[in-house]
Amino acid sequence: MDRVKRTLTPYLLVLPGGLWLLLFFAVPMATMLSLSLQEGDIVNGFVFTGHWQNYVDSISAYQTQLIRSLVYGAITSVVLIVLAFPVAYWIAFYGGRKKATYLFLILLPFFVSFVLRTISWRMLLTDDGVLLHPLKEAGLLPADFQVLGTATAVIAGLVYSFLPFMVLPIYVALERIDPRVVEAARDLYASPLTSFRKVIFPLALPGVFAGVLMTFVPATSDYVNSELLGSSETTMIGQVIQSQFLSNSDYPSASALSFTLMTVLLIGVFSYARALGTEDVMKVAAR
Amino acid sequence: MRLRIGGDRLLHVYTWILIAWLVLPIAVMILFGFNDPQGRYNQTWQGFTLKWYGEVFALEALTDALVVSLLVAVATALIAGALGTGIGYALGRWQFRGAGALNLLMFAAIASPELVMGSSLLSLFVSLGAPLGPVSITIAHVMFSVSFVAVVVRARVVTLDRSLEEAAADLGASGWTTFWKVIFPIILPAILSGVMLAFALSIDDFVITNFTAGTTQTFPLWIWGSTRVGLPPQVNVMGTMIFAGGVLLAVLSNVRSRPRRKTA
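The rules behind these values
- Sequence order as written defines residue numbering, which begins from 1 separately in each chain.
- Starting at A for chains and at 1 for ligands, labels are handed out in the order in which the entities are written.
- Local features in a predicted model are, by the rule used here, given only for residues with pLDDT of at least 70; side-chain atom pairs are given and counted only at 80 or more, and totals for whole chains, interfaces and linings are based on all residues.
- UniProt positions are given in the numbering used here, feature names are shortened, and annotations may be inferred rather than shown by experiment.
- Per the convention used, a helix needs a DSSP run of H or I reaching at least four residues, while a strand needs a run of E reaching at least two, with both numbered from the N terminus.
- C-alpha atoms define the radius of gyration, and 2.2 Å times the number of residues to the power 0.38 defines the globule rule.
- By definition, residue pairs are in contact when their C-beta atoms, positioned from the backbone, come within 7 Å.
- Joining buried Ala, Val, Leu, Ile, Met, Phe, Trp, Tyr and Cys residues through C-beta atoms within 7 Å gives a set, and that set is a nonpolar core.
- Buried, partly exposed and exposed are defined by the number of other C-beta atoms within 10 Å of a residue's own C-beta, namely 20 or more, between the two limits, and 12 or fewer respectively, with C-beta atoms placed from the backbone.
- How far each domain reaches was decided by an automatic or database domain assignment.
- Gly counts as polar in this scheme, as do all residues outside two lists: the nonpolar Ala, Val, Leu, Ile, Met, Phe, Trp, Tyr, Cys and Pro, and the charged Asp, Glu, Lys and Arg.
- Here the axes come from fitting lines to C-alpha atoms, over the contacting stretch only for helices, and the angles between their N-to-C directions go from 0 to 180 degrees.
- An angle below 35 degrees is treated as roughly parallel, one above 145 as roughly antiparallel, one from 65 to 115 as roughly perpendicular, and anything else as oblique.
- Should the near helix be turned anticlockwise from the far one by less than a right angle, the crossing is termed left-handed; should it be turned clockwise, right-handed.

The name an unreviewed UniProt entry gives chain B is Spermidine/putrescine transport system permease protein, with Actinoplanes campanulatus as the organism. According to its UniProt record, chain B has this under Sequence similarities (unreviewed entry): "Belongs to the binding-protein-dependent transport system permease family. CysTW subfamily." A UniProt comment under Subcellular location (unreviewed entry) is attached to chain B, and it reads "Cell membrane".

An unreviewed UniProt entry lists chain A under the name Spermidine/putrescine transport system permease protein, from Actinoplanes campanulatus. Under the UniProt heading Sequence similarities (unreviewed entry), the entry covering chain A gives this text: "Belongs to the binding-protein-dependent transport system permease family. CysTW subfamily." One UniProt comment on chain A, placed under Subcellular location (unreviewed entry), says "Cell membrane".

Looking now at the overall build of chain B. From N to C terminus, chain B includes 11 helices and zero strands. Sequence-ordered secondary structure for chain B, helices as α and strands as β, is α-α-α-α-α-α-α-α-α-α-α. Relative to the 2.2 N^0.38 estimate, which gives 18 Å for 264 residues, the radius of gyration of chain B is 23 Å and therefore markedly larger than a compact globule would have. Taking the intrachain contacts of chain B between residues at least 6 apart in sequence as the baseline, contacts between residues at least 24 apart amount to 81%.

Looking now at the interface of chain A and chain B. Often the size quoted for an interface is simply the accessible area lost on bringing the parts together. Counting from both sides, the interface comprises 73 residues of chain A and, opposite them, 73 residues of chain B. Counting residues per element, the side of chain A that touches chain B draws most heavily on helix α1 (residues 2-35) of chain A, which supplies 18 residues.

It is worth spelling out the nonpolar core at this point. One finds A88(A), V167(A), I170(A) and M143(B) to be the most contacted residues of the largest nonpolar core, which totals 153 residues. In terms of residue count, the dominant contributor to this core is helix α6 (residues 151-175) of chain A (17 residues). Two domains each donate at least three residues to this core, and these are domain 1 (1-36) and domain 2 (52-286) of chain A. Ignoring any residue separated from it by four or fewer positions in sequence, one finds I170(A) in contact with A84(A), F85(A), A88(A), A204(A), G207(A), V208(A) and G211(A).

A few words now on unusual backbone geometry. All names here are of chain A. Positioned with a positive phi, Y189 is a non-glycine residue whose angle comes to about 70°. The class for Y189 is exposed, based on 8 C-beta atoms found within 10 Å. Positive phi, normally seen in glycine, also occurs at S249, with a value near 50°. On the secondary structure map, S249 appears in the loop between α10 (237-246) and α11 (251-276).

Further remarks concern the domain arrangement of chain A. All names here are of chain A. Taken domain by domain, chain A consists of domain 1 (1-36) and domain 2 (52-286). At the interface, four residues of domain 1 touch seven residues of domain 2. Partitioning the side of domain 1 that touches domain 2 into residue classes produces three nonpolar, one polar and no charged.

With that settled, consider the environment of F111(A). When you line up the elements, F111(A) lands in the loop between α3 (99-107) and α4 (114-125). Those residues in contact with F111(A), other than ones at most four positions away along the chain, are F243(B), G246(B) and V247(B).

Once that is clear, we can look at the UniProt feature "domain: ABC transmembrane type-1" (unreviewed entry) in chain B. As annotated by UniProt and renumbered to match this structure, "domain: ABC transmembrane type-1" (unreviewed entry) occupies residues 66-253 of chain B. Here residues 66-253 of chain B is 82% helix and 0% strand, with 24 Å between the C-alpha atoms at its ends.

Relative orientation of the contacting elements α10(A) and helix α5 (residues 114-128) of chain B amounts to 15°, with a least axis distance of 11 Å. Considered as vectors, α10(A) and α5(B) are oriented roughly parallel to each other. Crossing of α10(A) over α5(B) shows left-handed handedness. Of the residues in α5(B), those in contact with G238(A), I241(A) and F245(A) of α10(A) are L115(B), S119(B) and L122(B). Of the residues that constitute the contact of α10(A) with α5(B), the class distribution is four nonpolar, two polar and no charged.

Residue and element names in this part refer to chain A. According to UniProt, the "transmembrane region" (unreviewed entry) feature falls on residues 12-35, 70-91, 103-125, 145-174, 199-219 and 254-273. For the annotated span residues 12-35, helix accounts for 100% and strand for 0% of the residues, and the straight-line distance between the end C-alpha atoms is 33 Å. The distance from the first to the last C-alpha atom of residues 70-91 is 31 Å, and the span holds 100% helix and 0% strand.

Our next topic: the UniProt feature "transmembrane region" (unreviewed entry) in chain B. Residues and elements named next belong to chain B. Mapped onto this numbering, the UniProt entry annotates "transmembrane region" (unreviewed entry) at residues 12-34, 65-92, 104-126, 132-153, 182-203 and 235-255. With 87% helix and 0% strand, residues 12-34 has end C-alpha atoms that lie 32 Å from one another. Span residues 235-255 is 100% helix and 0% strand, its end C-alpha atoms 30 Å apart.

Our next topic: the packing of helix α3 (residues 60-93) of chain B against helix α10 (residues 219-226) of chain B. All names here are of chain B. Packing of α3 against α10 brings their axes to within 7 Å, and their N-to-C directions diverge by 145°. Side by side, α3 and α10 meet where A61, L62, A65, L66 and S69 of the first sit next to F219, L221 and W222 of the second. Grouping the amino acids of the contact of α3 with α10 by side-chain chemistry returns seven nonpolar, one polar and no charged.

Residue and element names in this part refer to chain A. Following the sequence through the fold, V47 ends up in strand β2 (residues 45-48). Owing to 10 C-beta atoms within 10 Å, V47 belongs among the exposed residues under this scheme. Along the primary structure V47 and L15 are separated by 32 residues, whereas in three dimensions their C-alpha atoms are 33 Å apart. Non-local contacts of V47, meaning those with residues more than four positions away in its chain, are made with Q38, E39 and G40.

Structure (structure tokens):
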């Protein structure tokens, strides 16, 4: 009796949460897949017809936005690695007793709503805003200088939004490095640059991979930054999906686009996770 | 620790520049809560005033949206806290069949784009003809935050010293008593950080809420809907209050947990 109870306990504990995930994460995915193969309209209802044409139609109609999103996401991740690595490095190796304080400062933006932060950026970048107006007055920028509405503004916004997600995993990886390993490299006459290149950087790579994972997916599928900071020239796939779902109620083709985006991203994510081990990624993600 | 590569001064300065960049829009948000704009647009500095702090709840629709956000966040924190603790404790404590599949499911829920989770939930609700509102928002929020709670709790449970349980058993405590008197107090800080994380994720969420809210407004949704007509300074004041409250809570919980860490 006791043994039966013990073997049942983990299942009973897992059941409610697992069921919630199944019902509201896995089942909706299946529903959306089914919806993406249906035909009809919002008034007369949708019928499942295995209509693969939805995919062909919506991908060919919005491939520009899809590719643009992937490009923006990739640029964002690369810029983030370049920006975040030195900071993570400095905090991990020179932060001393104030490491936690520096990490806290890096995390400060998370205490402000995502939408509100992006709106603050729009205020800063607007043509006669708090940032550009004084610079133009001082003659540091030409009077017709404009950044809002450009790809630069959108990517800068994405970089801003997800910076902490890149700093943290790289920091965690660097923090784990045994200083004796680096000392050993030095004892073996490796130059500082060589020991960085051959010892520190390879050991930090899992952190970089995790950072890419945690930034590329949300950046590629984001629509807040491109909506608030961009223009019709910078429309991303998220904006298309959002308006197809919420304004046009064109559920089948919106579902097809959403599913396409997820397939593209998840293939990337799972091949990453495979190379890395799911556990490791989860651990870093939990920090 | 001497890992001198040179240029660490430069890196120090760079770190502070980056922090300044991160803080800049927050400073703008706080500053414009004290602005006295003449027109509808709170975008250029017109003079200092404290009146918005007095009239912070003057806009009924905005206040209602904030209340919805807070209620949903509390419900999410409680439900996701309970469900996530169950998963985290079981995964950290036992090895059982299906644990791998559950891990995969949680990983997928953490790694999936919010846009896709939001749109798929909308697909489900639309197909079922389910009404959209605070309940559907809460369902969605619990879905995406339960895995985070589970991961945080599991990380603590994995490090539990098994001999504590054995000692309790030797002293004649039942499994139930051992859990509540020994295990639970030890993992409580982890549960609480999981609950706080769920609360924070919920109150800030925009994308998934955008898809599952229907006509209901939450704080982020209200802001999103009002950007074109101009944001009232009350939004800045509320944002500042949430920011200050969050920072204060984080600092306090850090200070409180410090002496405990030393004795452990």
